[in-house]
Amino acid sequence: MKKHYLNKIFEPQSVAVVGASDREESVGGQVLRNIRESGFQGVIYPVNPKHDTVQGMKAYASISDIDHPIELVVIAIPAVAIPQVMRECGEHGVGAAVVLSAGFGEIGKRGQALQNEIVDIARTYDIPLVGPNCLGVIRPRAGLNATFAKSGVKSGHVALVAQSGAFCTALLDWADSSGFGFSAVASLGATADIGFGHVLDYLAVDPETKSILLYVEGISDARSFMSGLRVAARLKPVIVVKSGRNESGTRAAVSHTGAMVGGDDVFDAAVQRAGAVRVLTVNQLFAAAHTLASGTRVEGPRLAIVTNGGGPGVMAADRASDLTVPLAELAPQTIDKLSEVLPAHWSHSDPVDILGDADAGRYKAATEIVLADSGVDGLLVLLTPQAMTDPTACAEGVIEAAKEANKPILACWMGENLVNEGRERFAAAGIPQFNSPEGGVDAFGYLACYRRNQKALLQAPTPLSKHKEPDVDGARLIIEHAMGERRYTLSSAEAKAVLKAFHIPTSPSINVNSAADALIAAEGVGLPVAMKINSPDITHKSDVGGVRLNIREPRSVRTAFREMIDGVSAQCPDARVSGVTIEPMLDRPHAREIMIGIAHDPVFGPVISFGAGGTAVEIFADSQVALPPLNEYLSRELIRGTRAARFLKRFRNLPEADIAKLTDVLQRISEIACELPEVQELDINPLLVDEDGVIAVDARVVVAPPKASTTHYGHMAIHPYPPELETSWQLPDGTDVLVRPIRPEDAEIEQDFVENLSPESKYFRFMQSMDKLTPLMLARFTQIDYDREMALVAVINEHTPNARILGVARYVSNPDRQSCEFALTVADAWQKKGIGRQLMQRLMTVARDRGIEIMEGEVLSQNSKMLRLCENLGFRTVHNAEEPDVVEVRRHL
C-alpha cells in the first residue's frame, strides 16, 4: 500500500537543480526555467557554487548547504564532478536523482568507469537514478518539467518512455503543435540504473496513464524489461517502436538456427509474448495508441470491408494481405441477405462493394448484415465522395447500425472538405475513423495483434511436461562429460542421446572408423543406409560431401566410406574427423522436412526457432522464433506463423501431418532451453514429420559453461510457472488443500474469493471499502511475474467446477531485490484453521530461497488477528508516527 518507489521522480514535493544558471544556452538554466514555468507547486532549490542568486532565486553552493529535505535532484554539470554530488545526495537523504549530463558509457572505458561509480553510489544510498545522458522527466499533472526541452507539454493520458532524448524533443515539439498531451514523459538515456522495466512498473499502476508508448534502442536487462513490460501490458495497452530493425544482431552462431535468428526478430517475439504491440514508424505509434486507447477490441482477426468504390476496397485488401490479416469469408446466408438489399452486380464477396450510388440506407443495411455474420470479427467501412453520395448521411447510417453491434467498426471517409462533417459524426459516436484505407486496416491489425499477444501473455507454461518427465540429470552428465574433455560441440551420438533424454524420437546411428566396420554396421541396421561424416568442426556436412544417402549395396558402403573420408580430409584438412555414422535410410514418403532449434540471443537468452528444414533452409528463410517456456498453445502459434504450416496440412497426395506430435517436440525443446543453460545452439535438421509422427534425423548441439546465476532460471527472459512450489496439505478435519502459485486462469475463483470476504476482511486487506476487484486489479493479482513476485493460493476441489480459494499470501519484491512487501488474506469461514500460518511459512521459504532477506508489510492497528499471527511468525512491529492507524511489521528471513 506504500507509494511507488519512483513516486519521487514523477511527483516530487521539492526539486534541486545542480548546475542551475542564468545563461540562456545552459542546460541547467533551461531545466530551471522549465520547472518554474510549468507551474511546479513544490519547493525549488537552484544549486550553483559561483552565484548567490540564479534567475532571481536564492542559489546554494551545494546539496549539503540545503537545510530542507529534497525529494528529487536534477544534475546538469560536467560528468567528472557528478560522483561527489551523488555522495552529497546520499548523505543528505535525497529521494531520487536525474543525471542529464553526457560523458559516460557512450565515450568509452573511462566514461563507463565513471558511470559505474555514480550507479554504485546511488545504489549504496538507495537513490533511484535516471540517466545519465538523458533529457529528463515530465509530469504535466504535477506541473513538473525537469527537462531542457523547449516545447510545452500538455496534460493527457498517454505516457512516453524513450531512451533517446533527441527522439523525445522531436516528439514533444510535434505534440505541442498538434495539441497532443501526455500523462508522463521519461527520457531514460543510458538506463544505467532505472530502466524500462522500472518505469513501466510505475506507469502500470498510474491512474493518469491509459496507454504507454515506448521508443527502444537497446535492452540491457532482459528480465527486468520483460517483467515490467508484462506487468504494464496486463493492465493497459503498450505500443513499442524500436530503432535498428535491420541490424543482424550480435551472435556467433554458425548453425542453421543461428543463421536464421537475428536480434530484431527476437525482440519482436519478446514484445508479442509480453502482450504489447510493436509498430515500425512514429505515425503508427500514435495511430496504435489512439486505436487501442479508445477501448475498441476484437475477438478474432477476420476483417470485412464495405466500400462504395472498388479501388479503395482493393487497396484495403492489399494492405490486409501485407499484414497477414485474413479477410472474412462471408457465409452463404450473408451473401443471400446482401443480395436482397444491394444491386444485382455487387461484388458478392469480401470486400463488399455496394457501388458508387450507395445511399445511407444501403450503408446501414450492408453494415448490419455483415456484422451479423459469425465469420466476421470486425468491419472497415470505406466511402469515396462521388457525385451521388451524401457522406454525412451515409455516416449516420453506419452509426445507426453500429448501435446494436458488439463488434468493432472502423471508418474511412476519403477526401477532405466533403467528408469532414461525416468524420466529426464518427468521432462524436466513438467510432475510430481514418483518412486512408491502409490506415483503417492498420488499426484493425493493431487490434488483432493486441488480442493475439494478450492471449500469449495469459500463458503460464511450466518448464517441464507433466505427462512424461525428461531425464534432465542424464542429459546434463553427457554435456558435462564433453565439456570436461574441452569439447563444446557434441558428437552426433551425444546430441541424439540428449534428445532421447527429453523423449524426442531420433533415428538410430552407429559411429564407425573403418570401411569394414561400416559394412558391419550397415548390415546391422539394415540396408539401405545413410552415411554422414562425424566431425565437431564441420557444421554443414553436405557442403563438404560429408553426406551419402540411400546406399543400397554392401560394396557401395565400403566405397562410400573411403571416398567420404578422403574427400572431407582434402576439403577440410584441419578438421577433426571422428569417423562416419551409419543410419538406416528412413522410408517415409509423406514426410516433410522441418527445422527446430535453439539459439542464444545476447540480450534475451535462449530462443526457439521453427521453420522449413533441409539443406536450403537459409534460402527459403521460413522461420519464426519464440521465447521459452512454451506450452501447446504457444507451440501451435509458433507453427502457425510460418509458411511451412500450410505444407503440414493435407496437400495433394500428402495426408495431414501429426501436428500434435510436432507441438510435443517443440515443448520438449522448450524443456531443454529451460533446464540446460549450457546449450548455446541446437539444430534438429531435418525433423521428419508425417501422419505417423516425428523423428529427428540429424542433430547438432553446441554447449558452453553457463553464466553464473543465483536462480534456477536466471538465464531466461521469462520465468516459467514454478510447479515445484505445489504442495498438498490436510486440515485437521481431513479436508485436502492444494497450495500452489496463482495462475491466470484463477481469475474467476479469485474474484469469488474477494466478493465473499466480509466487509471487515476486505477493509483489513485493501485498507479501503470495496465490493469486488476491478478488471485491472484482477489481472494484476492473477497474472503475476514469478520472478519478481509470488502469490500462493490455498485451493480445495482443484480441477472441479467447485474449486475454491481459501486463502492467498503474496509478496512483491522491492527494487533492491533484497526485501519484499507481503499481504495475506484468509476466507472468513476458514479462519482459525492454520491456513494463514501455513501460507505465510511457505511464502517466507520461497522468498528466502530466492535471495530475499527482509519481508515487511503494513497492518491496520485494529487487525489484532493479523498482528498476533505476525508476532508468532517472528515479525517485529513498529508503529507509524505519520499514520497511527497503521503498524509496520518486519522480519529478517
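The shown structure was predicted, so the numbers you read here are calculated from the model rather than taken from an experiment.

Caption draft 1: Seen up close, the pairing of strand β15 (residues 303–307). In terms of burial, β15 is a largely internal element, five of the five residues being buried. Where burial is concerned, the two faces of β15 agree: the one with Leu 303, Ile 305 and Thr 307 and the one with Ala 304 and Val 306 are both buried. In terms of strand pairing, β15 meets strand β17 (residues 378–383) through four bridges, oriented parallel. Counterpart to Ile 305 in the pairing with β17 is Leu 380. Bridge analysis of β15 against strand β16 (residues 352–353) gives two bridges, and the strand direction is parallel. The residue of β16 that forms the bridge with Thr 307 is Asp 353.

Caption draft 2: A look at the pairing of strand β23 (residues 579–584). Within β23, six of the six residues are buried, which leaves it mostly tucked inside the rest of the structure. In this sheet, β23 lies alongside strand β20 (residues 510–512) in antiparallel orientation, the contact comprising three bridges. The residue of β23 that forms the bridge with Ile 510 is Ile 582.

Caption draft 3: Broad picture of the pattern of salt bridges. All chains considered together, the criterion is met by 48 salt bridges. Across the pair Lys 772 and Glu 755 runs a salt bridge whose closest N-O atoms are separated by 3.7 Å. With a gap of 17 residues between them, Lys 772 in the loop between α26 (759–766) and α27 (775–782) and Glu 755 in helix α25 (residues 747–755) connect regions that are remote in the sequence.

Caption draft 4: A look at the packing of helix α11 (residues 310–322) against helix α16 (residues 437–457). Close contact between α11 and α16 brings their axes to 8 Å; oriented N to C, the two are set at 40 degrees. Taken as a pair, α11 and α16 cross one another with a handedness that is right-handed. Between α11 and α16, the contacting residues are Pro 312, Met 315, Ala 316, Arg 319 and Ala 320 on the first element and Pro 437, Glu 438, Val 441 and Asp 442 on the second. Here the contact of α11 with α16 is built from residues that sort into six nonpolar, no polar and three charged.

Caption draft 5: Geometry of the sheet that holds β20. The strand order across the open sheet built from four strands is β20-β23-β21-β22, with neighbouring strands paired in antiparallel fashion. Here the strands that pair on one side only, and so sit at the sheet edges, are β20 and β22 (547–551). Across the sheet, the mean angle separating the axes of adjacent strands is 25 degrees when strand polarity is ignored. Of the pairings in the sheet, the one linking strand β21 (residues 529–534) to β23 comprises six bridges and is antiparallel in character. If you follow Asn 534 over to β23, its bridge partner there is Gly 579. Lying on the sheet, helix α19 (residues 515–525) is in contact with β20, β21 and β23; it crosses β23 at an angle near 20 degrees.

Caption draft 6: Layout of the packing of aromatic side chains. Taken as a whole and assessed by the stated rule, the structure comprises 14 aromatic pairs. Measuring from ring centre to ring centre gives 4.7 Å for Phe 10 and Tyr 202, while their planes differ by 10 degrees; the resulting arrangement is stacked. Taken together, the residues Phe 10 in helix α1 (residues 7–10) and Tyr 202 in helix α6 (residues 196–204) connect sequence positions 192 residues apart. Taken individually, Phe 10 and Tyr 202 each receive the classification buried, so the pair is uniform in this respect. For the pair Phe 647 and Phe 651, a centre-to-centre distance of 5.9 Å together with 70 degrees between the ring planes defines the contact as edge-to-face.

Caption draft 7: Structural detail: the nonpolar core. Counting 66 residues, the largest nonpolar core has Leu 214 and Phe 604 as its most contacted members. Top contributing element to this core by residue count: helix α7 (residues 222–235), with eight residues. Excluding residues within four positions of it along the chain, Leu 214 makes contact with Val 161, Phe 196, Leu 200, Phe 225, Leu 229, Val 238, Ile 239, Val 240, Val 241 and Leu 285. Within the second largest apolar cluster, 54 residues are counted, among which are Val 737, Leu 839, Met 840 and Ile 852.

Conventions used here
Residues numbered from 1 in each chain as written. Predicted model: local features only at pLDDT ≥ 70, side-chain atom pairs only at ≥ 80, totals over all residues. Heavy atoms only, no water. Buried < 20%, exposed > 50% of the residue type's maximum accessible area, 1.4 Å probe, protein only. Helix = DSSP H or I, 4+ residues; strand = E, 2+ residues; numbered from the N terminus. Pairing = 2+ DSSP bridges. Salt bridge = Lys/Arg side-chain N within 4 Å of Asp/Glu carboxyl O. Axes fitted to C-alpha atoms, helices over the stretch in contact; angles between N-to-C directions. Left-handed = near helix turned anticlockwise from the far one by under 90°. Contact = heavy atoms within 4.5 Å. Nonpolar A, V, L, I, M, F, W, Y, C, P; charged D, E, K, R; others polar. Phe/Tyr/Trp six-rings, centres within 6.5 Å; stacked < 30°, edge-to-face > 60°. Core = buried A, V, L, I, M, F, W, Y, C linked by side-chain atoms within 4.5 Å.

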